[in-house]
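Spelled out from the first residue to the last, the chains are:
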Amino acid sequence: YLPPAEKSNLPGYHGMSQCTALFEDPSTVDYSKFGPAETKEQRHARKRKERLEVEEAKIAEQLSTWDPQKDPSATEDAYRTLFIGRLSYDTSEPKLRRELEDYGPIKKLRMVTDTVKGKPRGYAFVEFEKERDLLSAFKQADGRKIDGRRILVDVERGRTVKGWRPRRFGGGLGGTRRGGEDMNQRWSGRDPPQTSQGGADMPRSMDTRPADRDRGGDRPRGPPPSDRDRDRERERERERDRDRDRERERERDRSERPRPREDERPRERERERDHGSDRDRERDRGGDRDRERERERERDRGSERDRERRPERERERDRGDDRRR
C-alpha cells in the first residue's frame, strides 16, 4: 500500500501586467537602424548568391593559370585524340584500352584522376596512331556500354577550339546539369536519338531511357542492394569480361593461322587444271574405244553379208557361162 502524494502549495495564476514596467518604451526606440525583416527565402537566396560569387572568383583565378598547351601529361597530337566521358569509376585503364582497340591501335591513353585523392574522375583522353581509326571510333564508339555505363565520345576541344573552357570552369557541352528533370539531357551519346522512317526505335546505343532502366528496371524494388550484392554483380561483370577476352583470343588465333603462300596458289590451280585435263583425256579415250568397237562391229556385219551374197554371185556367174556356151 502506498499513501497518496501530498499536494505542494504552488503559486496561483496571474497576468503579465506586473511585468510591463520591464519593457522598453516604444517612443524612445529608433527602428530604422534594424531595417526590414528578412524572410527564409530571402536568406537562402542571399547565401546562394554569396557562394556563387566566391566560386566565380575561384574559377577566374584558376582559369588565369590554366593552359592546356603546356600540360605535360597531355597527348602529343590533339587532332588524333578523343575525349571519353561518362566512364564508370570501376573501369580500369587496361579494360578501356581493350574496348577501344577494336577500332585501331592506340598510341597513348590517359585516365584523369583527382590530384589530391588519386581517384578517377570519370573521363579519359585516347590518342590513336592513325586518323582513320580516330574517325571510326568517333562514329561507332559513342554510346557504347562499358562496365554498365554508356560512354560519350567527342574530339578533344581544349587544344583545338579557341576560347574553349572545360566543365569545371563553367564550359563544356554537357546538358545533364542544367536544372530539373525537364531541362536535363536524358539520352546517351552526343546527339539526341532519332527514329527510322518506319517509326521503329534506333539501336540501343541511342536509347533514350535513363540509366536506371539499363540496370534492370524503372525503379529498384525492395531494399537497396547490400555490399555483398554489389560484389556479386561486379564478379559477374568480370566473368563476362573474361569470356569476351577468351572469345577475342580465339578469333585472333583463327585469323593468325598459316595460309597458303601466294607462290603455292598457282601450283594448286595448275594441279587442278591438269587433273581436269586428265579426266578429259580419259573421257576422250573412252569415246575412241567405243568408236573402234562400233567400227569392228560394222566390219563384222559387212563380212557376214559378203559371205551370204557369195553363193548368189557364184550362181550368177555359172548361169552366164552356160549362156555363153
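Residues numbered from 1 in each chain as written. Predicted model: local features only at pLDDT ≥ 70, side-chain atom pairs only at ≥ 80, totals over all residues. Heavy atoms only, no water.

## Things to note about the overall build of the protein
Helices and strands together make up the secondary structure of the protein, namely 6 helices and 6 strands. Along the protein, helices and strands appear, N-terminal first, in the series α-β-α-β-β-α-β-β-β-α-α-α. Buried residues in the protein amount to 17% of all 325 residues. Taking contacts inside the protein between residues at least 6 apart in sequence as the whole, the part at least 24 apart equals 60%. Of the roughly 27500 Å² of accessible surface on the protein, 46% is carried by carbon and sulfur atoms. (Helix = DSSP H or I, 4+ residues; strand = E, 2+ residues; numbered from the N terminus. Buried < 20%, exposed > 50% of the residue type's maximum accessible area, 1.4 Å probe, protein only. Contact = heavy atoms within 4.5 Å. Areas by Shrake-Rupley, 256 points an atom, 1.4 Å probe, with all protein chains shown as cover.)

## Some thoughts on the nonpolar core
Membership of the largest hydrophobic core comes to 18 residues, with the highest contact counts inside it found for Leu-82, Ile-84, Leu-87, Leu-96, Leu-100, Val-126 and Phe-128. Elements that contribute at least two residues to this core include exactly strand E1 (81–85), helix H2 (93–100), strand E2 (106–113), strand E3 (120–128) and helix H3 (131–140). Contact partners of Leu-96, with chain neighbours within four places excluded, come to Leu-87, Thr-91, Leu-109, Met-111, Ala-124 and Ile-146. (Core = buried A, V, L, I, M, F, W, Y, C linked by side-chain atoms within 4.5 Å.)

## Side note on a negative patch on the surface
A surface patch of negative charge is lined by Glu-296, Asp-300, Glu-304, Glu-308 and Glu-312. Along the polypeptide, Glu-296 turns up in helix H6 (residues 264–324). (Patch = residues over 30% accessible without salt bridge, like charges linked within 9 Å, V, L, I, M, F, W, Y side chains within 5 Å. Salt bridge = Lys/Arg side-chain N within 4 Å of Asp/Glu carboxyl O. Lys, Arg positive; Asp, Glu negative; His and termini not counted. Charge placed at Lys NZ, Arg CZ, Asp CG, Glu CD.)

## Side note on the sheet that holds E3
What the 4 strands build is an open sheet, ordered E2-E3-E1-E6; its pairing is antiparallel. Of all the strands in the sheet, the pair left with one neighbour each is E2 and strand E6 (152–155). Averaged over neighbouring strand pairs, the angle between their axes works out to 25° when direction is ignored. Direction of pairing for E1 relative to E6: antiparallel, over a ladder of 4 bridges. The partner of Leu-82 across the bridge, within E6, is Val-155. Sheet strands touched by H2: E1, E2 and E3. Its angle to E2, the strand with the most contacts, is close to 140°. (Pairing = 2+ DSSP bridges. Axes fitted to C-alpha atoms, helices over the stretch in contact; angles between N-to-C directions.)

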